Amino acid sequence: MAVVLFKSQTDDPTLWNTELSRYLVHLDFRVWPAVGDPQEVEYLLIWGELGDLLETLPNVKAILSLGAGVDHLGDLNKIRNNISVIRLVDDDLTRGMSEYVIFNVLRFHRLDQLYREQQSQRIWQEHPPVASSEIRVGIMGLGILGKDAAKKLSSLDYNVLGWSREPKSFDFCSVFHGKEGFNDFLEQTNILICLLPLTAETDGILCAKTFSKLPVNSYLVNAARGQHLINADLLDALSSGQLLGAAIDVFPEEPLSTSHPFWGNTKIMMTPHVASKTNYKTAAKCIARNINNWERGGNLEGVVNSSRGY
Ligand code: NDP
Ligand code: OXD
C-alpha cells in the first residue's frame, strides 16, 4: 500500500488519482487538507510551498514535485535528511521544453520580429540569410532539459554551447562550466537560453553584467524562473541594442500584473509559463514508476541534492 498525500492549488486531484491508480495498484490517495491519519502518509505529491506541512507528517519518505523545478517548495535545507526530494523527470515535459526553445531560436534566427514589424508598415525588404551553423546558441544549464534542447538544436546545425556547474563533455555541444567558464561562454553566444534551476547561485544571473558579455545584438530566452532575470536590466539592454529581442515565459510574480512594462514592449515575446506544462497522464506514469521501483528496492530518478538546491 502506498499512502500518497496530494497538495496543489493548480492541479486537479481527481485526474491525478485516476491516472496514478492505473499504475500503483495499492494506492491510498488523500487530498490535502483531508490527511487522514498523518502517521500513515508516506509520499507527498506537491506543487507549492511546503510551509510546516512536514512537521505534522512524521513518516514521509519522499516529496515528489509535480514539476521539474523544486524551488516552489521553499528552503530544502529545512527538510529532514531521511526524506528524498524528487523532481519530475518526464520525456513529455522535456520534449515540450525543447519545442519552446527551438521555436524561439528559429524565430530569432529567421528575423521574425523584424519581418513582423515590416509587415505592419507594409515594407517589402529582404535581409541576407544566415546559416544555422553561423548562429551560436548558448544554453545555461545542461541538465535533463538543457541537454535535450542542445542535442536537437545541434541536429538542426546550430553551433551549440552549454554551461553547467560541473565539467562534462558531449559530442553535440561544447561545454563551459563554473564561474571560470561563464565569460568565455557568454562571449561566444548569440542566442542565450536559460534552463537553470533557481538556486542562491543562479538568482538574478540574467543581469546587466551578463548581458554586457554577450556580443551586441544578441537574444535572450528565459524559460527557467522569473527570479533569474533582473527585469530593469533586460529593458535597458533592449533599449541600448545590446539585446535585440527576448522570449520570456516565466516571471517573479505570476500572473504578471497588467501594468508591467513587459506587456507593451514589442521586443519581448511573452508567454504565461507554458514553455512546458506538466501533463498529468505522462507525469503520473513517471511518478508511479519511481514509487514502484523504490518500493522494490530500486533507485529513484530525479533525486535532488538539497544542499545544491537542484
Ligand atoms: P536539472 O537539474 O536536470 O539541470 C540543471 C542544470 O543546471 C545542470 O546542468 C546543472 O549543472 C546546471 N546548474 C545548476 N546550477 C548551476 C550553476 N550555479 N552554474 C552553472 N550551471 C548550473 O534541471 P532540468 O533541466 O530538469 O530543469 C531546469 C529548470 O527548468 C527547472 O529547475 C525549472 O525551474 C525550469 N522549468 C521551467 C518550465 C517552464 O514551463 N517554464 C518547465 C520545466 C522546468 P550540472 O549538470 O553541472 O549539475
Ligand atoms: C516546472 C515548471 O518546474 O512547470 O516543471 O515550471
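Residues numbered from 1 in each chain as written. Chains lettered and ligands numbered in written order. Predicted model: local features only at pLDDT ≥ 70, side-chain atom pairs only at ≥ 80, totals over all residues. Heavy atoms only, no water.

**Student:** What am I meant to see in the pairing of strand β7 (residues 159-164) here?
**Tutor:** For a regular strand, the rule is simple: side chains alternate between the two faces of the sheet. Burial analysis of β7 places five of its six residues in the buried class, which makes it a mostly covered element. Bridge analysis of strand β6 (residues 136-140) against β7 gives five bridges, and the strand direction is parallel. Across the sheet, Arg 136 pairs through a bridge with Asn 159, a residue of β7. Chirality of the crossover, the property in question, places the unit of β6, helix α4 (residues 144-155) and β7 among those that are right-handed. Note: β7 against strand β8 (residues 174-177), four bridges, orientation parallel. (Buried < 20%, exposed > 50% of the residue type's maximum accessible area, 1.4 Å probe, protein only. Helix = DSSP H or I, 4+ residues; strand = E, 2+ residues; numbered from the N terminus. Pairing = 2+ DSSP bridges. Right-handed = clockwise from strand over helix to strand, strands pointing away.)

**Student:** Quick question: what am I supposed to make of the site of ligand 1 here?
**Tutor:** Contacts to ligand 1 come from 28 residues, most closely from Leu 142, Glu 166, Lys 168, Ala 223 and Tyr 310. Separating an oxygen atom of ligand 1 from a backbone N or O atom of Ile 144 is a distance of 2.9 Å. At a separation of 3.2 Å, an oxygen atom of ligand 1 approaches a polar side-chain atom of Arg 225. Contact with the protein chains removes 94% of the 940 Å² of surface that ligand 1 exposes when unbound. At the level of elements, α4 and β7 are the ones that each hand at least two residues to the shell around ligand 1. When its residues are assigned to classes, the shell around ligand 1 shows 14 nonpolar, seven polar and seven charged. Looking at which domains feed residues into the shell around ligand 1, each of domain 1 (3-90 + 278-295) and domain 2 (91-270) supplies at least three. (Near = heavy atom within 4 Å. Polar contact = N/O pair within 3.5 Å; in protein donor to acceptor, adjacent residues only side chain to side chain. Areas by Shrake-Rupley, 256 points an atom, 1.4 Å probe, with all protein chains shown as cover. Nonpolar A, V, L, I, M, F, W, Y, C, P; charged D, E, K, R; others polar. Domains from an automatic or database assignment.)

**Student:** Which parts of the structure should I look at to understand the packing of aromatic side chains?
**Tutor:** Any two aromatic rings considered together are summarised by their centre-to-centre distance and by the angle between their planes. The final tally for this structure, using the stated rule, is 10 aromatic pairs. Geometrically, the ring pair formed by Phe 108 and Tyr 219 is stacked, given 4.3 Å between the ring centres and 15° between the ring planes. With Phe 108 in helix α2 (residues 91-109) and Tyr 219 in strand β10 (residues 218-222), the pair connects residues that are 111 residues apart, well separated along the chain. Each member of the pair, Phe 108 as well as Tyr 219, is classed as buried. Judged by centre distance (6.4 Å) and plane angle (15°), the ring pair of Phe 182 and Phe 185 falls under stacked. Residue Phe 182 and its partner Phe 185 are located together in helix α5 (residues 178-187), separated by three residues, close to a single helical turn. A single burial state applies to Phe 182 and to Phe 185, both of which are buried. Feature note: the residues Trp 163, Phe 176, Phe 182 and Phe 185 constitute an aromatic cluster, connected by ring pairs. Above the plane of the ring of Trp 32 lies Lys 7, whose end atom (NZ or CZ) is 4.2 Å from the centre. When the ring centre of Tyr 310 is taken as reference, the NZ or CZ atom of Arg 308 above it lies at 4.4 Å. (Phe/Tyr/Trp six-rings, centres within 6.5 Å; stacked < 30°, edge-to-face > 60°. Lys NZ or Arg CZ within 6 Å of the ring centre and 35° of its normal.)

**Student:** Which parts of the structure should I look at to understand the packing of α2 against α4?
**Tutor:** A pair of packed helices is characterised by two quantities: the angle between their axes and the separation of those axes. Put simply, α2 and α4 touch, their axes get as near as 9 Å, and they point 50° apart. Overall, the two elements α2 and α4 adopt an arrangement that is oblique. As α2 packs across α4, the resulting crossing turns out to be right-handed. Seen from α2, the contacting residues are Leu 93, Thr 94, Arg 95, Met 97, Ser 98, Val 101, Ile 102 and Val 105; seen from α4, they are Ile 144, Leu 145, Asp 148, Ala 149, Lys 152 and Leu 153. The residue makeup of the contact of α2 with α4, split by class, is nine nonpolar, two polar and three charged. (Axes fitted to C-alpha atoms, helices over the stretch in contact; angles between N-to-C directions. Parallel < 35°, antiparallel > 145°, perpendicular 65-115°, else oblique. Left-handed = near helix turned anticlockwise from the far one by under 90°. Contact = heavy atoms within 4.5 Å.)

**Student:** For this particular structure, what's the right way to read the sheet that holds strand β5 (residues 84-86)?
**Tutor:** Where strands meet in a sheet, backbone hydrogen bonds hold them as pairs that are either parallel or antiparallel. Ordered in space as β2-β1-β3-β4-β5, the five strands form an open sheet in which the pairing is parallel. Bordering the open sheet on either side are β2 (27-31) and β5, each of which pairs with just one other strand. Sheet twist, expressed as the average angle between the axes of neighbouring strands with direction ignored, equals 20°. Where strand β1 (residues 2-8) and β2 come together, five bridges link them in parallel fashion. Along β2, the bridge assignment pairs Val 3 with Asp 28. Along the sheet, helix α1 (residues 13-23) contacts β1, β2 and β3 (43-47); its crossing angle with β2, the most-contacted strand, is approximately 170°.

**Student:** What should I look at first to understand the packing of α1 against helix α8 (residues 280-295) in this one?
**Tutor:** Contact geometry for α1 and α8: axes closest at 9 Å, N-to-C directions at 45°. Considered as vectors, α1 and α8 are oriented oblique to each other. Classified by chirality, the crossing of α8 by α1 is right-handed. Where α1 abuts α8, its residues Leu 15, Trp 16, Glu 19, Leu 20 and Tyr 23 lie against Tyr 280, Lys 281, Ala 283, Ala 284, Lys 285, Ile 287, Ala 288 and Asn 292. Broken down by class, the residue content of the contact of α1 with α8 amounts to nine nonpolar, one polar and three charged.

These figures come from the coordinates and say nothing about function on their own.
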